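Read off the chains here:
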Amino acid sequence: VMKKLKVKAVVSTQSTGAGYKDVRADDSETKYLMLTYSEDNSKIGVHRSGSDYSEVLTELGGEDGGQLRAYIYLRVVTGDEMSKRHKFVLLTWIGPEVPALKKAKMSLEKTQVKALVQSFAVEIQSSDLEEMALDSLIRRVHDE
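Everything quoted here is computed from the prediction, not taken from an experiment.

What to know about the sheet that holds strand E4 (residues 69-78)
What the six strands build is an open sheet, ordered E1-E3-E2-E4-E5-E6; its pairing is mixed. The sheet is open, and its two borders are formed by strand E1 (10-11) and strand E6 (122-126), each paired with just one other strand. In terms of strand pairing, strand E2 (residues 32-37) meets E4 through five bridges, oriented antiparallel. The residue bridging leucine 35 from the neighbouring strand is tyrosine 71, located in E4. Together, E1, E2, strand E3 (43-50), E4, strand E5 (85-94) and E6 form the strand contacts of helix H3 (residues 100-116), whose direction differs from that of E4 by roughly 45°. Contacting E4, E5 and E6, helix H5 (residues 134-143) crosses the sheet at an angle of about 65° to E4.

Notes on the confidence of the model for the chain
The pLDDT averaged across the chain works out to 89; a share of 94% of its residues lies at or above 70. Counted against residues more than four places away or in other chains, residues 1-5, with its pLDDT under 50, gives four contacts.

A short note on the pairing of E6
Only one face of E6 is buried: it carries Val122, Ile124 and Ser126, and the other face, with Glu123 and Gln125, is open. Across five bridges, E5 lies against E6 in parallel orientation. By the bridge assignment, threonine 92 is partnered in E6 with glutamine 125.

Focus on the nonpolar core
The nonpolar side chains of soluble globular proteins are, as a tendency, buried together. Formed by 18 residues in total, the largest nonpolar core has its most connected members in Met34, Tyr53, Leu60, Ile72 and Leu91. Of all the elements in the fold, those that place two or more residues in this core are E2, helix H2 (54-60), E4, E5, E6 and H5. The dominant element in this core, judged by the number of residues it contributes, is E4, at four residues. Residues in contact with leucine 60, not counting those within four places in the same chain, are Met34, Gly65, Leu68, Ile72, Trp93, Leu129 and Met132. Listed in part, the 17 residues of the second largest apolar core include Ala9, Val98, Met106 and Val113.

Things to note about the packing of aromatic side chains
Here the structure, examined in full by the defined rule, presents three aromatic pairs. Centroid distance tyrosine 20 to tyrosine 73: 5.0 Å. Interplanar angle 50°. Geometry classified as tilted. With tyrosine 20 in helix H1 (residues 13-24) and tyrosine 73 in strand E4, the pair connects residues that are 53 residues apart, well separated along the chain. Here the aromatic rings of tyrosine 37 and tyrosine 71 are separated by 6.1 Å at their centres, their planes lie at 45°, and the arrangement is tilted.

Comments concerning the environment of valine 141
By secondary structure assignment, the location of valine 141 is in helix H5. Taking the C-alpha atoms as reference, valine 141 lies 6.8 Å from alanine 121; in sequence the two are 20 residues apart. Contacts of valine 141, omitting those with residues within four sequence positions, involve Val76, Thr78, Lys87, Val89 and Val122.

Points about the side chain of threonine 30
As for its position among the elements, threonine 30 is in the loop between H1 and E2. Those residues in contact with threonine 30 that sit more than four places away from it in its chain are Asp22, Val23, Ser49, Gly50 and Arg75.

Here is what the cut-offs are and how they apply
Residues numbered from 1 in each chain as written. Predicted model: local features only at pLDDT ≥ 70, side-chain atom pairs only at ≥ 80, totals over all residues. Heavy atoms only, no water. Pairing = 2+ DSSP bridges. Helix = DSSP H or I, 4+ residues; strand = E, 2+ residues; numbered from the N terminus. Contact = heavy atoms within 4.5 Å. Axes fitted to C-alpha atoms, helices over the stretch in contact; angles between N-to-C directions. pLDDT = per-residue confidence, 0-100. Buried < 20%, exposed > 50% of the residue type's maximum accessible area, 1.4 Å probe, protein only. Core = buried A, V, L, I, M, F, W, Y, C linked by side-chain atoms within 4.5 Å. Phe/Tyr/Trp six-rings, centres within 6.5 Å; stacked < 30°, edge-to-face > 60°.

In structure tokens form, the structure reads like this:
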């Protein structure tokens, strides 16, 4: 008998919506918004935001990165000196040690995240730090 997975985590809309708008704003220094789960897995909310994406990579590659589940909305710059354009990427990080049931729930809960974070050129789901590296992401955006 298969049990139906219940979507448990609810996205904190107010802080997430504000963070999303901040990343999208041309005059903002904020380049990323990182959403993670609350300790009891009942909410998905803003974990951090900032202008230095390497902070995210440090956390994903750190001690707790293997257990971490996160959604990252990232602004990247593509083009050359003559025509720089902002593109947006939605990243889903599923740490390599995340249990199967939590992975399965994430695919359902991602629809809630996408309802708030609607505009992106590329969507990437990974548990591989190299795929999350900025130069790799810029290449992927450029190829789209």
